[in-house]
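# Chain and residue survey
Read off the chains here:
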Amino acid sequence: MDRSMLAYLPPALRGYREFQAIAAGQQALFSALWQEADQALDNQFLDTAGPWGVARWEELLGIQPKGTETLEERRFRVKARVSEQLPFTLAVLRRQLESLCGPGAAQAELQGYTLRVRLALSAGSRLQEAAALLERTAPAHLVIDLDLKRNPHRLLAGLTHGELAAYTQENLRNEVISHAESDDLL
């Protein structure tokens, strides 16, 4: 924010060189203080928190940041932990996975005592965080079956041999093929 120290003086004193010099000398100090006050307020909210604010949230929640994570990825992990609710229903779990992985990128179903969760390949970077969420929130008697949804044959059937030759078998199974037809998750 642009705040001039001279503007805080009464109009009768603003014209004096001595007061102008004093205001100019203090301007840098007060600008830094205002910036720090704004950052302290920003650190109170996850959407605007800086590195110090995110680190504080991580400390409070017991999250160990990875050295390769960006500030946005760290902020996302904190948001995921804060949004957890216990006890939960399958509908709440689906909402949590959706907020974690994105709309339509995760599906969960209960099959007897097995909680089957499939994430879209595009949400593959969130697999570890989804596993941690399930370990913390799923009832202990359930077996957790968490995996990425692989590319099925019918998704790749429309591609020509020339298009398929650009990929290895591992790529075809485990990577998002952008020009293949879309498919449902399960």
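Everything below is about the structure shown above.
An account of the accompanying structure is given in this report. Counting of residues starts from 1 at the beginning of each chain's written sequence and follows it residue by residue. Residues qualify for local features only when their pLDDT is at least 70, as the model is predicted, and side-chain atom pairs are given and counted only at 80 or more; totals for whole chains, interfaces and linings, by contrast, use all residues. For side-chain calculations, the full set of non-hydrogen atoms in the structure is used, while hydrogens and water are omitted.

### Things to note about the nonpolar core
We define a nonpolar core as any set of buried Ala, Val, Leu, Ile, Met, Phe, Trp, Tyr and Cys residues linked to one another through side-chain atoms lying within 4.5 Å. Burial here depends on accessible area, computed with a 1.4 Å probe over protein chains only, as a share of the maximum for the residue type. Under 20% is buried, over 50% is exposed, and the range in between is partly exposed. The biggest cluster of nonpolar side chains holds 23 residues, and the ones touching the most others in it are L93, L97, L100, C101, L115, V117 and L119. What counts as a helix is a DSSP run of H or I of at least four residues, what counts as a strand is a run of E of at least two, and both are numbered from the N terminus. Among the elements of the structure, helix 3 (71-82), helix 4 (90-101), strand 1 (106-111), strand 2 (114-119) and helix 5 (127-137) are those that each provide at least two residues to this core. If you tally residues by element for this core, the top one is helix 4, at five residues. Other than its neighbours up to four places away in sequence, L93 contacts F88, A108, L115 and L134. Contact definition: two residues touch when any of their heavy atoms are within 4.5 Å.

### A few points about a nonpolar patch on the surface
Only residues whose relative accessible area exceeds 30% and that take part in no salt bridge are eligible for patches, with like-charged residues grouped when within 9 Å of each other and nonpolar side chains (Val, Leu, Ile, Met, Phe, Trp, Tyr) grouped when within 5 Å. For the accessible areas, the method is Shrake-Rupley and the probe is 1.4 Å, while residue cover comes only from the protein chains on display. Salt bridge, as applied in this entry: a Lys or Arg side-chain nitrogen positioned within 4 Å of an Asp or Glu carboxyl oxygen. Taken together, the side chains of Y16, F19 and I22 make up a nonpolar region of the molecular surface, amounting to roughly 300 Å² of accessible area. Topologically, I22 is positioned in helix 1 (residues 17-42).

### Structural notes on the sheet that holds strand 3 (residues 143-148)
One open sheet accounts for three strands, arranged 1-2-3; its pairing is mixed. Since the sheet does not close on itself, it has two edges, and those belong to strand 1 and strand 3, each with one partner. Sheet twist, expressed as the mean angle between neighbouring strand axes with direction ignored, is 15°. Two strands pair if DSSP finds at least two bridges between them. Examined bridge by bridge, strand 1 and strand 2 share six bridges and lie antiparallel to one another. The residue bridging A108 from the neighbouring strand is V117, located in strand 2. To obtain each axis, a line is fitted to C-alpha atoms, and for helices this fit is confined to the stretch in contact; angles are then taken between N-to-C directions over 0 to 180 degrees. Contacting strand 1 and strand 2, helix 4 runs over the sheet at an angle of about 155° to strand 1. Each of strand 2 and strand 3 touches helix 5; the most contacted strand, strand 3, lies at about 165° to it.

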